[in-house]
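Residues per chain are reported as follows:
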Amino acid sequence: SSSSSSSSFSATPIDASDITMSFTSSVDANGEVEEIKSVDMSTELISIAKISSKPAPPIVTSPATHSDLITFKQAIEFFKTPALTSNSSDVVVRDLRWMNLFQRLCAKRLRLKTNSLKEERSFILNIAKVPLNIDDPIHHRILQTVWKRLLRTSEDCPRTGSHWEKIGFQSTNPATDLRGIGMLGLLHLLAFLDEYPDLVRKIFALSETKEQEFPFVIVSLNMSRVAIEALRETRLHTLINKHKHAFPLVNEFYMSVYFHFYHIWRSEQKRIEDFGAVLKGISAYCKQHPAAVIRHFIGTAVHRQTGTGL
């Protein structure tokens, strides 16, 4: 149930350009761009620095509009352009900075087995570089679909304004919060809503509670960041090769990571001041044990998503 008040989350997003500039890249023998230099990077895509209670922002609807909802499968088709489906020299596909020398030598043998999988990986990483354009009709429909399905309303909301805080953005313009993960952040959330709407609403409901509130969308973007890091760090390659598809596997890993966050946040009674430590722990554990995290998600969340035990 919705709370009568909302919280203001003040923080500074990490711009994607800042992340890129912090890397040192090399191109391996197969033409794949990889990261090799160890740098001190923040584990948080968006840091939640300060909270101050204030009345819930009003939702202004003038005039009311009703754009069509869009599904993940419909939306993804609009991104299948040559520019996004081809390999790009400025997209880092492997990040081996977390490995020691021996691990790197082993990882070089752990590659995606087919060109189609490599192209699918590039597609995912390219979408993460596409900024939200609120004037683009497809981007607009994706954003409005997330809004309407979370709040169970049929009316669109204004493109910018404080009302976006109601679903867990921190900026009046959602494009600002998406700078670090691009349209992939919205597509992940759209896929989650399509496949497990009851579970997503339970997570959203927890985010609105006075005792354990958190910015729902901002946390989702952080979970997308964990998924992208795991992909670049080759931690998902074994699973992708096994399942012979990259995008569905990365989507499922993102959902599994968000469910892992929800399970810890709910069961351990975490509060917003715990977010940094929780995110750091989740990122490390999920990237180290991706198969186990997915199995837990499938075994617990999927089979019991309509139950009360979640």
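The structure we're discussing is the one just above.
The rules behind the values
- Residues numbered from 1 in each chain as written.
- Predicted model: local features only at pLDDT ≥ 70, side-chain atom pairs only at ≥ 80, totals over all residues.
- Heavy atoms only, no water.
- Salt bridge = Lys/Arg side-chain N within 4 Å of Asp/Glu carboxyl O.
- Helix = DSSP H or I, 4+ residues; strand = E, 2+ residues; numbered from the N terminus.
- Buried < 20%, exposed > 50% of the residue type's maximum accessible area, 1.4 Å probe, protein only.
- Axes fitted to C-alpha atoms, helices over the stretch in contact; angles between N-to-C directions.
- Parallel < 35°, antiparallel > 145°, perpendicular 65-115°, else oblique.
- Left-handed = near helix turned anticlockwise from the far one by under 90°.
- Contact = heavy atoms within 4.5 Å.
- Nonpolar A, V, L, I, M, F, W, Y, C, P; charged D, E, K, R; others polar.

1. Quick word on the pattern of salt bridges
Where charged atoms from two side chains of opposite charge come close, those side chains can pair.
Here is step 1: Considering all chains together, one arrives at nine salt bridges under this definition.
Here is step 2: The salt bridge partner of Asp194 is Arg149, with a shortest N-O separation of 2.6 Å. Taken together, the positions of Asp194 in helix 8 (residues 183-195) and Arg149 in helix 6 (residues 137-151) put the pair 45 residues apart, joining distant regions of the chain.
Here is step 3: A salt bridge links Lys287 to Glu229, with the shortest nitrogen-to-oxygen separation between them at 3.1 Å. Of this pair, Lys287 sits in helix 13 (residues 275-288) while Glu229 sits in helix 10 (residues 216-232), and the two are 58 residues apart along the sequence. Assigned by exposure class, Lys287 and Glu229 land together as buried.
Here is step 4: Several salt bridges share partner residues, and in doing so they unite Arg225, Glu229, Glu233, Arg235 and Lys287 into one network.

2. Focus on the packing of helix 9 (residues 197-207) against helix 12 (residues 247-267)
Here is step 1: Viewed as axis vectors pointing N to C, helix 9 and helix 12 meet at an angle of 45°, and their least axial separation amounts to 11 Å. One finds that helix 9 runs oblique with respect to helix 12. Crossing hand, helix 9 versus helix 12: left-handed. Touching Leu199, Lys202, Ile203 and Leu206 of helix 9 are Tyr258, Phe259, Tyr262, Trp265 and Arg266, all from helix 12.
Here is step 2: When grouped by side-chain class, the residues that make up the contact of helix 9 with helix 12 number seven nonpolar, no polar and two charged.

3. Quick look at unusual backbone geometry
Here is step 1: A positive phi angle, close to 55°, is found at Arg152, a residue other than glycine.
Here is step 2: Inspection of the secondary structure assignment puts Arg152 in the loop between helix 6 and helix 7 (174-177).
Here is step 3: Phi angles above zero are rare outside glycine, and Thr234 is one such case at about 65°.
Here is step 4: In this structure, Thr234 sits in the loop between helix 10 and helix 11 (237-243).

4. What to know about the environment of Val219
Here is step 1: Structurally, Val219 is set in helix 10.
Here is step 2: When its relative accessible area of 0% is taken as the criterion, Val219 is described as buried.
Here is step 3: It is 9.2 Å that separates the C-alpha atoms of Val219 and Phe169, two residues lying 50 residues apart in sequence.
Here is step 4: Setting aside its immediate chain neighbours within four residues, Val219 contacts Phe214, Tyr258, Phe261 and Phe275.

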